[in-house]
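# Close look at the chain arrangement
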Amino acid sequence: MVAVLPVFAASKLYVAVQNAELKNSPSYFAKTVTTVDYGTQVSVVKTDGKWTQVKSGSSTGWIATSSLTKKKITASSSKANASAKEISLAGKGFTQEIENSYKNSSGTDYASVDKIETITVPASQEANFLIEGSLNKGE
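Residues numbered from 1 in each chain as written. Predicted model: local features only at pLDDT ≥ 70, side-chain atom pairs only at ≥ 80, totals over all residues. Heavy atoms only, no water.

## Quick look at the overall build of the protein
A tally of regular secondary structure across the protein gives 4 helices and 7 strands. Going residue by residue from the N terminus, the α and β elements of the protein occur as β-β-β-β-β-β-β-α-α-α-α. Taken over 139 residues, the protein has a buried fraction of 22%. For the protein, the proportion of contacts with a sequence separation of at least 24, taken over those separated by at least 6, is 47%. For the protein, the computed accessible surface area is about 9600 Å², with 54% contributed by carbon and sulfur atoms. (Helix = DSSP H or I, 4+ residues; strand = E, 2+ residues; numbered from the N terminus. Buried < 20%, exposed > 50% of the residue type's maximum accessible area, 1.4 Å probe, protein only. Contact = heavy atoms within 4.5 Å. Areas by Shrake-Rupley, 256 points an atom, 1.4 Å probe, with all protein chains shown as cover.)

This is the structure we're talking about:
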């Protein structure tokens, strides 16, 4: 009988979110092993549901599969890293040009969205919110 390997086994993927945390187990509130930056290439070890175990440098940890992409991410030649604004736009599926065009044609103001995206909440408050709301710890 032939062993079945995970779909991403031995493949290379790229981190598609800013400062992703690699966890010691496949859980949002697991201990953070290390962080990896946007665009970092990682090697897939295995997948487990919505989580993928990856190796980055000498560290191995779990990351949400939705935070990874098969497409190689490169910074523009004039910048060493993507800016927070570029990452925010990419998360919306936009480039700056697309957002500007949409703003001009629809009159939509993204100032409120941009402001909300700057809000951060400590992990302990997130955990309490999920527990108190019976939200299954975000899994």
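## Focus on the nonpolar core
Soluble globular proteins tend to pack their nonpolar side chains together in the buried interior. Counting residues in each nonpolar core, the largest one holds 10 residues, listed as Leu 13, Val 15, Ala 20, Leu 22, Val 36, Val 42, Val 44, Val 54, Ile 63 and Leu 68. Elements supplying a minimum of two residues to this core: β1 (12-15), β2 (20-23) and β4 (41-48). Sequence-distant contacts of Ala 20, that is, excluding residues within four places in its chain, are made with Val 15, Thr 34, Thr 35, Val 36 and Ile 63. (Core = buried A, V, L, I, M, F, W, Y, C linked by side-chain atoms within 4.5 Å.)

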